[in-house]
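# Architecture at a glance
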Amino acid sequence: MNISAPFIKRPIGTSLLAAGLLLAGALAFNFLPVAPLPQVEFPVIQIQAGLPGASPETMASAVATPLERQFGRIAGITQMTSTSQFASTNITLQFDLNRNIDAAARDVQASINAARGQLPANLPNNPSYRKVNPADSPIMILALTSDTITLPRIYDVADSVLAQKLSQVDGVGQVFVGGGARPAVRAELNPTLLSKLGIGIDQVRAALGLANANRPKGEVHDALNAWSLSDTDQLFQADQYRELIVSSKNGAVVRLGDVADVQDSVEDRRNMGMASVEGGRNAGVPQARLAVLMIIFRQPGANIIATVDRVRSLLPQLQASIPLSIKLDLALDRTVTIRASVRTVRATVIPSVAVPLSLVGTFGMMYLLGYSLDNLSLMALAISTGFVVDDAIVVLENITRYLEKGMAPVQAAYQGAREIGFTVLSMSTSLVAVFIPILLMSGLVGRLFREFAVTLSVAVGVSLVVSLTTTPTMCAKLLRPLNGEEKHNRIYRASEWTFNLFLGGYKHSLQWVLRHKFLVLLVAIATAILSVVLFKVVPTGFFPQQDNGRIIGSVQAAQDISFTAMQEKMLQIADIAAKDPAVNTVVGFAGSSNTGRMFMTLKPLSERKISADQVIARLRGKLSVVQGATLFMVPAQDLQIGGRQSNSQFQYTLESENLNDLNTWAPRLLQKLRTLHELTDVSSDQQHRGLQEKVVIDRNTAARLGVSPQDVDNTLYDAFGQRKVSTMS
């Protein structure tokens, strides 16, 4: 049976088949997304709930616990963790890899609805959730700064104008605005005056709650016209609230401005963002300053490079749509190293001009399978180059052998293709069979390397088709009969001489080996023993450490630090880091707790000359001068496992049914781990040593005066909890 015979007989059809394969692959190449690694979707959902003024204990018991009870009934959860801090709770649900993320999200929403009756009645908003991929870090971060406009105004512009336009860009999945809060009016009450006037805080809260209505009003009309009704049921400025009457006794009124300091402010003052920007005290030297950050994530499967290019092209339009005094800077671009890595691997594919059809045709199958151009798929294409060349050479050499015997090109093509066809088929089948175990692997490793194995197998399959169709056809049409008296040119004679030289060297070495069989056996045994020794000595790990030019940092300060002091520490740390010669930009943000996050973008490796780990080691020494706060840094990795964020790449979880046992043994374990010289930057997310003031209720006196514990809680919340009492819409 001659598989190639129909294609040799029909050269035009074979040429059209090859042209179609080439065009399909070239067209699909333009639609393939570009990414650092294959798209591995972790079914992870994060739930966030906020209650301003609530302590971590209150958040854990009143908010996190009811939600966790409901989430525990969802099928397919492999890990559930929660972190409760001042005023907020974050719950992370990690599902089995085979769990559909959309179905899991519906179950999460149903559980939130079921738990709503057990949550605090004064929870400002329902708990929210979002589907996340821990391995998908921001593709861009934009920083907004100004010398004249306040941060609340900048945040309002970013949230209401820029975020809407960025979300509409093709490929952009989510846009988060951080480093600020929405504008609000804050009333700082004077308790001494309230006491003298006999006015309770609850009266002020009730008056503020009734200040805004925004209800339907209707219309009036006569025989000819109709008028819609509106009124001034909304107050938006602090000056308007100062005139608000909070009490009236015996004809005398008390206004809010008489008993409170009313100012235009923000919803949450314990929220800050910062970025290192050019210009400041020293011209040309990056200086850390307060900023509003816009954190941009891509859609799953979107082309990172194309998405970033679209956002970059939109930046001039975005800058023109905001006040000129607000400066819009690009603080982080994730595609810098992705572009470099993709160009490097492509350079190994381009020289394989002998078989471009097989490689380009593979792009078509990659598009149909939903794959991307990433480091693993491009590595598969680079490796497949050798296999593809082998297929073409085997067929060509066998046909040439018959030409050298005096056959005509067409007869040689028929004869050579018939003899070698089954051999090429067997070679390709055996190569594909090697990757079957990878295709059958489950879990994260299987998801990660499946694209590599399939891409390589497809390339081998396309090469098989091309070698059995196009290659014999081209041999029949392009090769010429060989004349025995034909003289070869100098290049051929030189290459033939070089080949004979290597062949002679190999012959002599093989003869030497056969004469010293015992010595060769000893070398083989020594090599096997050395392999075992080296296997134990060589460091092991799941995935190679990456240096993609980005560093993720987590700031951990003293547990009793105030927000004002935390803001100063963040700016001080960012200022020091930004002045390092290897650092390009620094952005960060912090909230109401004693922790903050930082993202550093490094200069290209050709400029900094040192790795990201070496930059981290150098920054540790420089940042040691900052007292009361520590910056834990790790190189950003494209592959992350688990849904929890931590201060390092490796996590150890200590569990117990008794909180006292955790409080006793976790610090001991932490101190012991810090004594190991193999570990650096060991930290813990356990936060239980902060300062706390406790109010002891005299229940007998409270009962005699008609004061309930709920009244006490409400009074404390009104006075110290940034309580939201009215909505301006």
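As shown above, the structure is provided for reference.
About the cut-offs
Residues numbered from 1 in each chain as written. Predicted model: local features only at pLDDT ≥ 70, side-chain atom pairs only at ≥ 80, totals over all residues. Heavy atoms only, no water. Helix = DSSP H or I, 4+ residues; strand = E, 2+ residues; numbered from the N terminus. Rg over C-alpha atoms; globule rule 2.2 N^0.38 Å. Buried < 20%, exposed > 50% of the residue type's maximum accessible area, 1.4 Å probe, protein only. Contact = heavy atoms within 4.5 Å. Areas by Shrake-Rupley, 256 points an atom, 1.4 Å probe, with all protein chains shown as cover. Lys, Arg positive; Asp, Glu negative; His and termini not counted. Charge placed at Lys NZ, Arg CZ, Asp CG, Glu CD. Polar contact = N/O pair within 3.5 Å; in protein donor to acceptor, adjacent residues only side chain to side chain. Pairing = 2+ DSSP bridges. Axes fitted to C-alpha atoms, helices over the stretch in contact; angles between N-to-C directions. Parallel < 35°, antiparallel > 145°, perpendicular 65-115°, else oblique. Left-handed = near helix turned anticlockwise from the far one by under 90°. Nonpolar A, V, L, I, M, F, W, Y, C, P; charged D, E, K, R; others polar.

Here we come to the overall build of the protein chain. A count of helical and extended segments in the protein chain gives 24 helices and 20 strands. Over its C-alpha trace the protein chain gives a radius of gyration of 35 Å, far above what one expects of a compact globule, namely 27 Å for 729 residues. A principal-axis box enclosing the C-alpha atoms of the protein chain has dimensions of 130 × 85 × 60 Å. Per-residue burial for the protein chain yields a buried fraction of 39% across its 729 residues. Nonlocal contacts in the protein chain, meaning residues at least 24 apart in sequence, comprise 75% of its contacts between residues at least 6 apart. When the accessible surface of the protein chain is summed, it comes to about 40,600 Å², and 58% of that surface belongs to carbon and sulfur atoms. For the protein chain, the distance from the average position of its 66 positive side-chain charges to the average position of its 57 negative side-chain charges is 7 Å.

Note that Thr455 resides in helix 16 (residues 443-478). We classify Thr455 as buried; its relative accessible area is 1%. Within the structure, the side chain of Thr455 is placed 2.7 Å from the backbone oxygen of Glu451, a separation counted as a polar contact. In this view, Thr455 contacts Thr362, Met366, Tyr371, Ser377, Ala380 and Leu381; residues no more than four positions away in its chain are not counted.

Let us now look at the sheet that holds strand 1 (residues 44-50). Read from one edge to the other, the open sheet built from four strands follows the order 2-3-1-4, with strand pairing classed as antiparallel. Of all strands in the sheet, those bounded by a partner on one side alone are strand 2 (77-85) and strand 4 (128-132). Across the sheet, the axes of successive neighbouring strands diverge by a mean angle of 15 degrees, strand direction being ignored. Sheet topology places strand 2 next to strand 3 (residues 88-95); eight bridges connect them, and they run antiparallel. From the neighbouring strand, Ser82 faces strand 3, where its bridge partner is Ile91. Here helix 3 (residues 56-71) sits on the sheet in contact with strand 1, strand 2 and strand 3, set at roughly 160 degrees to strand 2.

As a packed pair, helix 2 (residues 11-31) and helix 12 (residues 356-368) sit with axes 7 Å apart at the nearest point and diverge in direction by 55 degrees. Here helix 12 runs oblique to helix 2, going by the angle between their axes. Here helix 2 and helix 12 pass one another in a crossing that is left-handed. Taken together, the residues of helix 12 that come into contact with helix 2 (itself represented by Ala18, Leu21, Leu22, Ala24, Gly25, Ala26, Ala28, Phe29 and Phe31) are Leu357, Val360, Gly361, Phe363, Gly364 and Tyr367. The class makeup of the residues in the contact of helix 2 with helix 12 is twelve nonpolar, three polar and no charged.

Turning to the packing of helix 13 (residues 375-404) against helix 14 (residues 409-434), a few remarks are in order. With their axes 8 Å apart at the nearest point, helix 13 and helix 14 run at an angle of 150 degrees to one another. The angle between the axes of helix 13 and helix 14 places the two elements in the roughly antiparallel class. As for how helix 13 packs across helix 14, the hand of that crossing is right-handed. Between helix 13 and helix 14, the residues in contact are Phe387, Asp391, Val394, Val395, Asn398, Ile399, Arg401, Tyr402 and Leu403 and Pro409, Ala412, Ala413, Gln415, Gly416, Ala417, Glu419, Ile420, Val424, Met427, Ser428 and Leu431, respectively.

So, on to the side chain of Arg608. With respect to the helices and strands, the residue Arg608 is situated in helix 20 (residues 605-608). Looking at Arg608, the relative accessible area reads 9%, which means it is buried. A polar contact is formed between the side chain of Arg608 and the backbone oxygen of Lys603, at a distance of 2.6 Å.

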